[in-house]
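Each chain, letter by letter, is given below.
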Amino acid sequence: MDDHTYDVIVIGAGPVGENVADRVVQGGLSAAIVERDLVGGECSYWACMPTKALLRSTAALRAARHVPGSREAVTGDLDVTAVLRRRDSFSSHWKDDGQVSWLDSAGITLYRGQGRIRPDRVVEVTDEAGVATSLTARHAVVIATGSAALLPDIPGLREAEPWSSREAAAASAVPGRLAVIGGGVVASEMATAFAALGSSVTMLARDGVLPLAEPFAGERVTESLREAGVSVLLGAEAGTVKRDGDGTVHITLTTGEDVEADEVLVAVGRAPNTQNMGLGTVGLTPGAWLAVDDTLRVVGDDGAPLAGGWLYAAGDVNRRVLLTHQGKYQARAVGDVIVARAKGEAVDDSPWGRHVATADERAVPQVVFTEPEIASVGLTAAAAETAGFRIRVVDYDLGAVAGSVLHADGYRGQARMVVDEDRKVIVGFTLVGPDVAELLHAATIAVVGEVPLDRLWHAVPAFPTVSEVWLRLLEAYGH
């Protein structure tokens, strides 16, 4: 085998791995990245980008139909072929030439194949032809291999060849009937998308719709899905699954009821991509999530860094937050701390320090691109209480704001801020309504900056915008 040495080796060339490698190169170190699939990862080809492309056309049409004047100009229905064609373009037609070109321009060396960790900072890469190349890292190896859809142990499910989020995001045709097992973000977004594209959708939401969000958010999305023709079965659980010879899928619920579909999408969670990586050679369990310390070094059961502190994990594999933007945030911290340690510089691992990912615990932003959109950051009211905060919850009707009335006829929405009463700062914020995604970053800044409500009172929202809800919430609080 040939020998190649780099300062840092990253396994996984998705958004997280790419950002780690780019950060260390910008810091003056050399980097190699290993990828067994498409450079760009899940987000680029089977998740964030293609799924939002599927949803955007529907949202634009819906918005136009809610404003007089534009409503009358809309004379046709959604062009499904055009939607899928646009989705294909955002997935780069499942070719990674552009991403590979970017790696080259950034000075990052790509090795295609399965990466396996060996002791002493070695990564063995085996390509499709079975040729092995041994890479050695001077300073660090970073695991950024992400996660894959979890397939639950339901009798007959695997044999029925279900869709995961990958197949749904890349579908070349819209099934006449789609059953969705799950009620979380992926399940809710894909039910929204395929119902708009023409599928008759049945959703088996055992634990409810968006159960981790504020309750009013899940309730509003459930109502909207039903208005769109989706059969939302709350508390329903698949007992067995069978696909007939003609392709029909039969799902028998634990209650004995039957659901028929042409395709079944399973969206009940994620599993780490840590199999077949040689983790056992450094004392880790293959297929398991990887625990990390504050600077994202992989740790053992005792919380101490493994393998002399040279092994890191960023993104989904460490299970801190399974969101692309949060993984990229971790990647920036990982890249910077590796550079600092390599150069003997001080490590800032205090809360909100440069070399830690404090926001993973206190200020995670997320948008669910359903109808209506759900935008949230920080803690829900229930989570804040569980965390021991003495809180006050302030709600406001988003549809009563002048900007919302102008935005769309019949605008319906809600805003909630969760206030830590001891410090008088916001620890959680949720918006529910059409097109609220772009309002989220103001709330994220307020939570991360721990801006006192007395100071927020002086942040005057422009009139007439939907952002005036900030003023109304503060007034409701008592300012």
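All values derive from a computational prediction rather than experimental measurement. (Residues numbered from 1 in each chain as written. Predicted model: local features only at pLDDT ≥ 70, side-chain atom pairs only at ≥ 80, totals over all residues. Heavy atoms only, no water.)

Chemist: What's the story with the nonpolar core in this structure? I'm lost.
Modeler: Considering soluble globular proteins, one finds that nonpolar side chains tend to be buried as a cluster. In this structure, Leu-311 and Ile-338 are the most contacted members of the largest nonpolar core, which totals 52 residues. For this core, the secondary-structure elements that each account for two or more residues are strand 1 (3-11), helix 1 (15-26), strand 2 (31-35), helix 6 (97-106), strand 5 (122-126), strand 6 (132-143), strand 16 (311-313) and helix 10 (324-342). Excluding anything up to four places from it in sequence, Ile-338 contacts Val-8, Val-24, Leu-29, Ala-140, Val-142 and Tyr-312. (Core = buried A, V, L, I, M, F, W, Y, C linked by side-chain atoms within 4.5 Å. Buried < 20%, exposed > 50% of the residue type's maximum accessible area, 1.4 Å probe, protein only. Helix = DSSP H or I, 4+ residues; strand = E, 2+ residues; numbered from the N terminus. Contact = heavy atoms within 4.5 Å.)

Chemist: Mind showing me how you'd approach the state of the cysteines here?
Modeler: What makes a disulfide is a covalent bond joining the sulfur atoms belonging to two cysteines. Per the counting criterion, the structure on display carries one disulfide. Here Cys-43 pairs with Cys-48 through a disulfide, and the sulfurs are 2.4 Å apart. In this structure, the disulfide formed by Cys-43 and Cys-48 twists by about -130 degrees around the S-S bond and is classed as left-handed. (Disulfide = S-S within 2.5 Å.)

Chemist: Just checking my understanding: could you explain the sheet that holds strand 14 (residues 263-266) for this structure?
Modeler: Pairing between the strands of a sheet is mediated by backbone hydrogen bonds and can be parallel or antiparallel. An order of 10-9-8-14 is seen for the four strands of this open sheet, with the pairing classed as parallel. Unpaired on one side and paired on the other, strand 10 (231-234) and strand 14 mark the two borders of the sheet. Averaged over all neighbouring strand pairs, the angle between strand axes comes to 15 degrees, with direction disregarded. As judged from the four bridges shared by strand 9 (residues 200-205) and strand 10, these two strands associate in the parallel manner. Paired with Leu-204 across the bridge in strand 10 is Leu-233. Packing of helix 8 (residues 185-197) onto the sheet brings it into contact with strand 8 (177-181), strand 9 and strand 14, and relative to strand 9 it is tilted by some 165 degrees. (Pairing = 2+ DSSP bridges. Axes fitted to C-alpha atoms, helices over the stretch in contact; angles between N-to-C directions.)

Chemist: Would you take a moment to explain the pattern of salt bridges for this structure?
Modeler: Should the charged atoms of two oppositely charged side chains come close, the side chains can pair. All told, the structure shown has 29 salt bridges when counted by the stated rule. Between Arg-138 and Asp-7 there is a salt bridge, with its nearest N and O atoms 3.1 Å apart. Of the two residues, Arg-138 sits in strand 6 while Asp-7 sits in strand 1, which places them 131 residues apart along the sequence. On the basis of relative accessibility, which here comes to 11%, the residue Asp-7 falls in the buried class. With its nearest N and O atoms 4.0 Å apart, the salt bridge here joins Glu-223 to Arg-220. Separated by three residues within a single helix, Glu-223 and Arg-220 lie in helix 9 (residues 215-227), roughly one turn from each other. Given a relative accessible area of 14%, Arg-220 falls into the buried group. The network of salt bridges with shared partners includes Arg-362, Asp-420, Arg-423 and Glu-450. (Salt bridge = Lys/Arg side-chain N within 4 Å of Asp/Glu carboxyl O.)

Chemist: Would you mind going over the packing of aromatic side chains with me for this structure?
Modeler: Two numbers describe a pair of aromatic rings. These are the distance of the centres and the angle of the planes. In the structure shown here, the tally under the stated rule is four aromatic pairs. Ring centres of Trp-163 and Phe-194 lie 5.7 Å apart, and the angle between their planes is 50 degrees; this geometry places the pair in the tilted category. Within this pair, whereas Trp-163 is found in the loop between strand 7 (147-149) and helix 7 (165-169), its partner Phe-194 is found in helix 8, the two being separated by 31 residues in sequence. Overall, Trp-163 belongs to the buried group, its relative accessible area being 12%. (Phe/Tyr/Trp six-rings, centres within 6.5 Å; stacked < 30°, edge-to-face > 60°.)

Chemist: Can you help me understand helix 5 (residues 80-90) in this one?
Modeler: Because an α-helix completes one turn every 3.6 residues, residues spaced three or four positions apart along the sequence face the same direction. Listing the buried residues of helix 5 in full gives Val-83, Leu-84, Arg-87 and Asp-88. On an axial view of helix 5, the arc spanned by its buried residues comes to 140 degrees, and they lie on one face. Facing away from the buried side of helix 5 by more than 90 degrees, the exposed set consists of Thr-81 and Arg-85. Looking at the buried positions of helix 5, the neighbouring elements they touch are helix 3 (48-65), helix 7 and helix 8. For helix 5, the N-terminal cap is Asp-79; the gap from its side-chain oxygen to the backbone nitrogen of Thr-81 is 3.2 Å. One or two steps after helix 5, the chain reaches Ser-92, where phi turns positive at roughly 55 degrees. (Arc of directions from axis to C-beta. Polar contact = N/O pair within 3.5 Å; in protein donor to acceptor, adjacent residues only side chain to side chain.)

Chemist: Help me understand helix 9 in this model?
Modeler: With 13 residues, helix 9 should reach 18 Å at 1.5 Å per residue; the first-to-last C-alpha distance of 19 Å fits that figure. Taken residue by residue, helix 9 has Phe-216, Ala-217, Gly-218, Arg-220, Val-221, Thr-222, Ser-224 and Leu-225 as its buried positions. Positive backbone phi, at 100 degrees, marks Gly-229, one or two positions downstream of helix 9. (Expected span 1.5 Å × (residues − 1).)

Chemist: Looking at this model, I keep getting lost on the sheet that holds strand 17 (residues 365-368). Mind explaining?
Modeler: The strand order across the open sheet formed by five strands is 17-18-21-20-19, and the pairing between neighbours is antiparallel. Strands with a single pairing partner mark the edges of an open sheet, and in this sheet they are strand 17 and strand 19 (391-397). On average, adjacent strands in this sheet sit at an angle of 10 degrees to one another, irrespective of strand direction. As paired strands, strand 20 (residues 414-420) and strand 21 (residues 425-433) are joined by seven bridges and run antiparallel to one another. Its bridge partner lying in strand 21, Val-419 is registered against Ile-426.

Chemist: It is not clear to me how the UniProt feature "binding site: NAD(+)" (unreviewed entry) in the protein chain should be interpreted in this structure. Could you clarify?
Modeler: UniProt records the feature "binding site: NAD(+)" (unreviewed entry) for Gly-182, Gly-183, Gly-184, Val-185, Val-186, Ala-187, Ser-188, Glu-189 and Gly-269 in the present numbering. Sequence-wise these annotated residues cover 88 residues; spatially they are packed, their C-alpha atoms never more than 14.1 Å apart. Residue placement: Gly-184 occurs in the loop between strand 8 and helix 8. The exposure class assigned to Gly-184 is partly exposed, which follows from its relative accessible area of 25%. (UniProt positions renumbered as here; feature names shortened; annotations may be inferred.)

Chemist: For this particular structure, what's the right way to read a negative patch on the surface?
Modeler: On the surface, Asp-294, Asp-348, Asp-349 and Glu-361 cluster together to form a negatively charged patch. A relative accessible area of 48% places Asp-294 in the partly exposed class. (Patch = residues over 30% accessible without salt bridge, like charges linked within 9 Å, V, L, I, M, F, W, Y side chains within 5 Å. Areas by Shrake-Rupley, 256 points an atom, 1.4 Å probe, with all protein chains shown as cover. Lys, Arg positive; Asp, Glu negative; His and termini not counted. Charge placed at Lys NZ, Arg CZ, Asp CG, Glu CD.)

Chemist: Teacher, can you tell me more about the packing of helix 1 against helix 6 here?
Modeler: Packed helix pairs are characterised by how far apart their axes lie and by the angle those axes make with each other. Between helix 1 and helix 6, the least distance of the axes is 10 Å, while the angle of their chain directions is 15 degrees. Relative to helix 6, helix 1 is oriented roughly parallel. As helix 1 packs across helix 6, the resulting crossing turns out to be left-handed. Within the contact between the two elements, helix 1 uses Glu-18, Asp-22 and Val-25 and helix 6 uses Gln-99, Trp-102, Leu-103 and Ala-106. Looking at the contact of helix 1 with helix 6 residue by residue, the class counts come to four nonpolar, one polar and two charged. (Parallel < 35°, antiparallel > 145°, perpendicular 65-115°, else oblique. Left-handed = near helix turned anticlockwise from the far one by under 90°. Nonpolar A, V, L, I, M, F, W, Y, C, P; charged D, E, K, R; others polar.)

Chemist: What exactly am I supposed to notice about the pairing of strand 9 here?
Modeler: Counting buried positions over the six residues of strand 9 gives five, a clear majority of the element. The sheet contact formed by strand 8 and strand 9 spans five bridges and is parallel. For Ile-181, the partnering residue across the bridge sits in strand 9 and is Leu-204. In this fold, the crossover linking strand 8 to strand 9 by way of helix 8 has right-handed handedness. In this view, the connection linking strand 9 to its parallel neighbour strand 10 by way of helix 9 has right-handed handedness. (Right-handed = clockwise from strand over helix to strand, strands pointing away.)

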